Structures are given as C-alpha cells and as structure tokens.
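Structural characterization, general
Listed below, chain by chain, are the residues.
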Amino acid sequence: MRVRYLSPAAGFHIVSADRRPGPQSRVTFKSDTQEVRALIRCENDGPHMDVEVS
C-alpha cells in the first residue's frame, strides 16, 4: 500500500507524512488550533483509518 495523494482541509497543512510503501502509513495535519493524526492501514477487507484529533 502507498498513499499517493494528500489534501489537507482549508486552514490545515501537512506536518509529516509517511509515503513509503508498506502495510500502513501515517500523516499529521495541523491548523492554528488543532492537530490531526491519521494512521491508514491495509487489511484483508480493504483500507482502514484511525484518526486522533487534539
């Protein structure tokens, strides 16, 4: 699996992104007031994503 495209919502920018091929990828988006971390992983039934907002 490889994340090919990242598009932050208005007001957010990408702080870090793992774009290497592998079973999972991580990305962190940040705005002036929030940070959003996502873990995207590939499982047998398709892609899954865990999101943490702080």
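Residues numbered from 1 in each chain as written. Predicted model: local features only at pLDDT ≥ 70, side-chain atom pairs only at ≥ 80, totals over all residues. Heavy atoms only, no water.

Quick notes on the sheet that holds strand E3 (residues 35–43)
Paired through their backbone hydrogen bonds, the strands of a sheet run either parallel or antiparallel. Taken together, the four strands give an open sheet; going across it, the order is E1-E2-E3-E4, and neighbouring strands pair in antiparallel fashion. On the outer flanks of this sheet lie strand E1 (13–17) and strand E4 (46–53), each paired with one strand and no other. Sheet twist, expressed as the mean angle between neighbouring strand axes with direction ignored, is 20°. Pairing of E3 with E4 involves eight bridges; the strand directions are antiparallel. What sits directly across from cysteine 42, in E4, is proline 47. (Pairing = 2+ DSSP bridges. Helix = DSSP H or I, 4+ residues; strand = E, 2+ residues; numbered from the N terminus. Axes fitted to C-alpha atoms, helices over the stretch in contact; angles between N-to-C directions.)

Side note on a nonpolar patch on the surface
Taken together, the side chains of Met49, Val51 and Val53 make up a nonpolar region of the molecular surface, amounting to roughly 290 Å² of accessible area. Turning to its location among the elements, valine 51 is positioned in strand E4. (Patch = residues over 30% accessible without salt bridge, like charges linked within 9 Å, V, L, I, M, F, W, Y side chains within 5 Å. Areas by Shrake-Rupley, 256 points an atom, 1.4 Å probe, with all protein chains shown as cover. Salt bridge = Lys/Arg side-chain N within 4 Å of Asp/Glu carboxyl O.)

What about the nonpolar core?
Across soluble globular proteins, you tend to see nonpolar side chains buried next to one another. If you look at the biggest cluster of nonpolar residues, it comprises seven residues: Val3, Leu6, Val27, Phe29, Val36, Ala38 and Ile40. Where this core is concerned, the elements lending two or more residues are strand E2 (24–30) and E3. Looking at this core, the element that brings in the most residues is E3, giving three residues. (Core = buried A, V, L, I, M, F, W, Y, C linked by side-chain atoms within 4.5 Å. Buried < 20%, exposed > 50% of the residue type's maximum accessible area, 1.4 Å probe, protein only.)

Observations concerning the environment of arginine 41
With respect to the secondary-structure elements, arginine 41 resides in strand E3. Taking the relative accessible area as the measure of exposure, arginine 41 reaches 21% and is therefore partly exposed. Distance from arginine 41 to alanine 17, taken between C-alpha atoms, is 14 Å for residues 24 residues apart in sequence. A distance of 2.8 Å separates a polar atom in the side chain of arginine 41 from a polar atom in the side chain of aspartate 50. (Polar contact = N/O pair within 3.5 Å; in protein donor to acceptor, adjacent residues only side chain to side chain.)

With respect to the pattern of salt bridges
Under the defined criterion, the tally for this structure stands at five salt bridges. Here arginine 41 and aspartate 50 are joined by a salt bridge, their closest N and O atoms 2.8 Å apart. Assessed through its relative accessible area of 38%, aspartate 50 is described here as partly exposed. Salt bridges here are not isolated pairs; linked through shared partners, they connect Glu35, Arg37 and Glu52.

These results come straight from atomic positions and should not be treated as a statement about function.
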